[in-house]
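One letter stands for each residue in the lines below.
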Amino acid sequence: MAVTRIGVLTSGGDASGMNAAVRAIVRTGLDSGLEVWAIDEGYRGLLEGGDKIRPLRWSDVGGIIHRGGTVIGTARSEEFRTREGRLKAARHMLHHGIDSLVVVGGDGSLTGADLFRREWPGLLDDLVAAGTVDAAVAARHPRLTVVGLVGSIDNDAAGTDMTIGADTALHRITEAIDAIGSTASSHQRAFVVEVMGRHCGYLALMGAIATGADALFIPECPPGDNWEAALVDTLKAGRAAGRRDSIVVVAEGATDRQGLPITAERVRQALASWLGGEVRITVLGHMQRGGSPSAFDRNLGTVMGYAAIDTLLSGAADAQSLVMGMRGNRVVRIPLEECVADSRRINAALEARDFDAALEMRGTSFNDALRTFNTLLKALPHPPAAGQRRLRLGIVHAGAVAPGMNAAVRAAVRLATDDGHVALGVRRGFHGLVAGDIAEMDWMSVNGWAPMGGAELGTSRDVPAGPDFYAIARTIEQQAIDGLLIIGGWEAYAGAHRLFEERANFPAFNIPIVCLPATIDNNLPGTELSIGADTALNNIVSVVDKIKQAAAAEQRCYVVEVMGRRCGYLAMMSGLATGAERVYLHEGGVTLKDLVEDLEKLVQGFRQGRRLGLMIRSEDANDVYDTSFMCRLFEEEGGGLFDVRQSILGHLQQGGDPSPFDRIQATRLARLSIRRLAGQAAARHPSAEFIGMQSGTVAFGSLEDYPRLIDAANRRPKEQWWLDVRKINEALSRPAPRLAPASTDR
Ligand code: ADP
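Okay, so let's go over this structure. (Residues numbered from 1 in each chain as written. Predicted model: local features only at pLDDT ≥ 70, side-chain atom pairs only at ≥ 80, totals over all residues. Heavy atoms only, no water.)

Moving on, we come to the nonpolar core. Of all hydrophobic cores here, the largest spans 141 residues; its most connected members are Leu-149 and Tyr-569. Not counting the four nearest positions on each side in its chain, Leu-149 is found in contact with Ala-21, Ile-25, Val-102, Val-103, Val-104, Gly-105, Leu-110, Ile-164, Met-304, Gly-305, Ala-308 and Met-324. Listed in part, the 35 residues of the second largest apolar core include Leu-46, Phe-80, Val-146 and Leu-336. (Core = buried A, V, L, I, M, F, W, Y, C linked by side-chain atoms within 4.5 Å. Buried < 20%, exposed > 50% of the residue type's maximum accessible area, 1.4 Å probe, protein only. Contact = heavy atoms within 4.5 Å.)

Shown next as structure tokens:
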């Protein structure tokens, strides 16, 4: 297929991560031998033509990945909605010989692009008939090819798990509600927080789960009649149980069952009858859109941008417009028409007040999250049902601390209690099981834990051995533990596997066991992501952004060492998110030849005027060529063109408040783990398992398979899905050969 010149535009509401997408589209395009032209200001620029349509060079998209919004501008254009407008747009495209478009935008922008594609042959006929365009030029561009990327903070598109910008918006919302929570708690106030989402409750729901809010109003799930009284009762019960604050999250499109808006003001009035003037409203507004994109949005934009060019070149989009989507961690191509029609169907159901249908169409994880929220928000648990077996479920950490551990414990304790069981908190990992250092936890004992970093229960890297087994068996018997939830990393899995293997010797171990993956290293089998890794990634990215600024000012090359031991996940993903030119992984090996080649590229780059170098290295990528060796080598051989500094990020990567994703997934996995333990408690051969996220769904695997799934010597799983993104980073960090100056096609 002969795509040679493509246009890229961003349109509709801006979304963080659009720049990463533009950068990837431009660089992958250039790397594949295409010319990539920016159409500034979306469709408005296309209608204006002139210098709004301009070729982009490799360097034009340098230094933008960390910036919010879109550097090529976005706008709304009423004129593009008209055929006259699109006629003009087609003329400007032909003038530059562009007949392929990559559009990054929401529902409206994608619909417009598809309409433009359908009309294209007719538009060209009209232009030729009017004598505006030469017939030969029109014949060279018989069709328009369109590939779309959904950029929308609302996460409202059907067919993709996430849209570009939604995760960053969730970061902003979570930071804001965390901050509001501390002042609300100090003054014993109630806050009503309005978040964006006219038709979609995603941001409100996930923000509420991540922050442990007390009540939620979203368009898909209006409350019953007399919701005002019910809301007051819920919040009152919370205060009676010891809470000092009340936070109600309202999506801007929330309504009651009659379709009347439930505004923040309406909620305030409902609460005023109880709290008087102590109710405050905060409308988060446009701050939700802005700010530096999260690591996830940078990588989502990058991966999708790469996929867009791949799709264009493959010819798959010749016959119909395609949208790039994400399911699990895999890119999928969805017919644009289908994606837009499904999203429209949800909006139509909401307008028709068929809320059940709208909710169902949002999919299982949305519904799952809503159920989880509804359980967690209750101020106090249900009393156990009559005749129900009250299980005693132990909750323990093992391995290094990971942000999100507290959110997991909080959810596990509350959900276990809500189901009528007893939650037992074990202190300091397997030590606590050995020593019987265990305490009953109740609903309020985990109050406020959702946003907390660290691990309140304590953790340890020790794995039980020898006499420990006897001591643990005794504790399990004395405490009458019916099931064990082990939340942690490598040592959690290794320890759980040992208990499983010792079942024949210690019958006490014949209880259900679930391991819940929580480690920043993301080096566990049976899951594509572990709790904590997203927070660590964001920690790394925010530091590397600062390092890059300093490096550019001083003509410097930085070698940044990140955690992960021999698992390169953090290095690879932070390299992708920060635009590092080289990522060193143990998985890929490091040879002297590599280092010499990289050095040559650095020297060449700095000679041609570049101002900074950024290499990211996984801490145990190579034992001999360590970080300080690499720095000395580059400095010594760099011929004085630049200096080299090392930056070993260390433990800051493990710290800080967990990211919204880590809090939400911790909550989700904990809920399913507790259900699993309860379901297995009466089994004759109870399961010993690990829970994980695979292709966007939650799955359990047996600990029996654990040894087969791991590369024990290198402490990582045998299969690592993310290794695929290496090729993307290589394409984006390899400057394309200079292209001949662009010409126009009249
Ligand atoms: P979003 O893309 O974020 O949903 P809008 O709905 O405002 O934002 O759409 C952005 C732009 O896309 C509009 O200003 C218009 O130029 C174009 N557009 C939207 N809907 C259509 C349509 N049905 N036909 C043609 N162009 C459209």
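Once that is clear, we can look at the environment of Arg-556. Within the secondary structure, Arg-556 is located in strand β17 (residues 556-562). We classify Arg-556 as buried; its relative accessible area is 11%. Sequence-wise, Arg-556 and Leu-614 are 58 residues apart; in three dimensions their C-alpha atoms are separated by 8.6 Å. Filtering out sequence-adjacent residues up to four positions away, Arg-556 remains in contact with Ala-551, Phe-606, Arg-611, Leu-612, Gly-613, Asp-643 and Arg-645. Within the structure, Arg-556 has its side chain in polar contact with the side chain of Asp-643 (distance 2.7 Å). (Helix = DSSP H or I, 4+ residues; strand = E, 2+ residues; numbered from the N terminus. Polar contact = N/O pair within 3.5 Å; in protein donor to acceptor, adjacent residues only side chain to side chain.)

Now for the state of the cysteines. A complete count under the given rule lists zero disulfides for this structure. Unpaired in this structure, Cys-200 has its nearest cysteine sulfur neighbour in Cys-339, at a distance of 13 Å. Judged by its relative accessible area of 3%, Cys-200 falls in the buried class. You can see Cys-567 has no disulfide; the closest cysteine sulfur is in Cys-515, sitting 17 Å from it. Judged by its relative accessible area of 0%, Cys-567 is buried. (Disulfide = S-S within 2.5 Å.)

Here we come to the packing of aromatic side chains. Within a pair of aromatic rings, the relevant descriptors are the distance that separates the centres and the angle that separates the planes. Enumeration according to the criterion identifies 13 aromatic pairs in this entry. Between the aromatic rings of Phe-469 and Phe-509, the centroid separation amounts to 6.4 Å while the plane-to-plane angle is 65°, which identifies the pairing as edge-to-face. Note that Phe-469 is positioned in helix α16 (residues 468-478) and Phe-509 in the loop between α17 (490-501) and β16 (513-517), a separation of 40 residues in sequence. With relative accessibility at 7%, the residue Phe-469 sits in the buried group. Given a relative accessible area of 1%, Phe-509 falls into the buried group. Ring pairs connect the aromatic residues Tyr-43, Phe-80, Phe-116 and Trp-120, which therefore count as one cluster. (Phe/Tyr/Trp six-rings, centres within 6.5 Å; stacked < 30°, edge-to-face > 60°.)

Attention now goes to the pairing of strand β13 (residues 422-426). For β13, the tally of buried residues reaches five of five residues, placing the bulk of the element in the interior. Judged by which residues are buried, β13 turns out to be covered on both faces: Val-422, Leu-424 and Val-426 on one side and Ala-423 and Gly-425 on the other are all buried. Taken together, the four bridges between strand β12 (residues 392-398) and β13 define a ladder with parallel strand orientation. Along β13, the bridge assignment pairs Leu-393 with Ala-423. Handedness of the β12-helix α14 (residues 405-418)-β13 crossover: right-handed. (Pairing = 2+ DSSP bridges. Right-handed = clockwise from strand over helix to strand, strands pointing away.)

Axis separation between helix α10 (residues 295-314) and helix α19 (residues 569-578) bottoms out at 8 Å; the angle between their running directions is 75°. The angle between the axes of α10 and α19 places the two elements in the roughly perpendicular class. Counted together, Ala-295, Arg-298, Asn-299, Thr-302 and Val-303 of α10 and Met-573, Leu-576, Ala-577 and Thr-578 of α19 form the full contact between these two elements. The residue inventory of the contact of α10 with α19, partitioned by class, reads five nonpolar, three polar and one charged. (Axes fitted to C-alpha atoms, helices over the stretch in contact; angles between N-to-C directions. Parallel < 35°, antiparallel > 145°, perpendicular 65-115°, else oblique. Nonpolar A, V, L, I, M, F, W, Y, C, P; charged D, E, K, R; others polar.)

Our focus in this paragraph is the pattern of salt bridges. Under the definition given, this model contains 41 salt bridges. Between Asp-594 and Arg-582 there is a salt bridge whose closest N-O contact spans 3.8 Å. Linking Asp-594 in helix α20 (residues 592-607) with Arg-582 in strand β18 (residues 582-584), this pair joins segments that are 12 residues apart in sequence. Members of the salt-bridge network, linked through shared partners, are Asp-114, Arg-117, Arg-118 and Glu-337. (Salt bridge = Lys/Arg side-chain N within 4 Å of Asp/Glu carboxyl O.)

The subject of this paragraph is the environment of Leu-30. Position of Leu-30 among the secondary structure elements: in helix α1 (residues 18-31). Residue classification places Leu-30 among the buried residues on the basis of a relative accessible area of 8%. With 25 residues separating them in the primary sequence, Leu-30 and Arg-5 have C-alpha atoms 9.9 Å apart.

Moving on to the pairing of strand β11 (residues 330-335). The sheet contact formed by strand β10 (residues 322-327) and β11 spans six bridges and is antiparallel. Its bridge partner lying in β11, Arg-327 is registered against Arg-330.

Another point: the sheet that holds β10. The seven strands lie next to each other as β3-β2-β1-β4-β5-β10-β11, forming an open sheet whose pairing is mixed. Of all the strands in the sheet, just β3 (53-55) and β11 have a single pairing partner and so form its edges. Looking at each pair of strands side by side, their axes are set apart by 30° on average, direction ignored. Taken together, the three bridges between strand β5 (residues 145-150) and β10 define a ladder with parallel strand orientation. What sits directly across from Gly-148, in β10, is Val-323. Taken strand by strand, helix α11 (residues 336-351) contacts β5, β10 and β11, and its axis lies near 85° from that of β11.

To continue, consider the site of the ligand. Every one of the 16 residues lining the ligand counts as a neighbour, but Arg-76, Ser-77, Gly-106, Gly-108 and Ser-109 are closest to it. Side-chain polar atom of Arg-76 to an oxygen atom of the ligand: 2.5 Å apart, as the coordinates give it. Within the backbone of Gly-106, a nitrogen or oxygen atom sits 3.0 Å from an oxygen atom of the ligand. Considered on its own, the ligand offers 550 Å² of accessible surface; in the complex 82% of this is hidden by protein. It is helix α4 (residues 107-129) that provides the largest number of residues to the shell around the ligand, a total of six residues. Residues that form the shell around the ligand fall into these classes: three nonpolar, nine polar and four charged. (Near = heavy atom within 4 Å. Areas by Shrake-Rupley, 256 points an atom, 1.4 Å probe, with all protein chains shown as cover.)

This paragraph deals with the environment of Pro-55. Residue position: Pro-55 is located in strand β3. According to the relative accessible area criterion, Pro-55 is partly exposed, its value standing at 40%.

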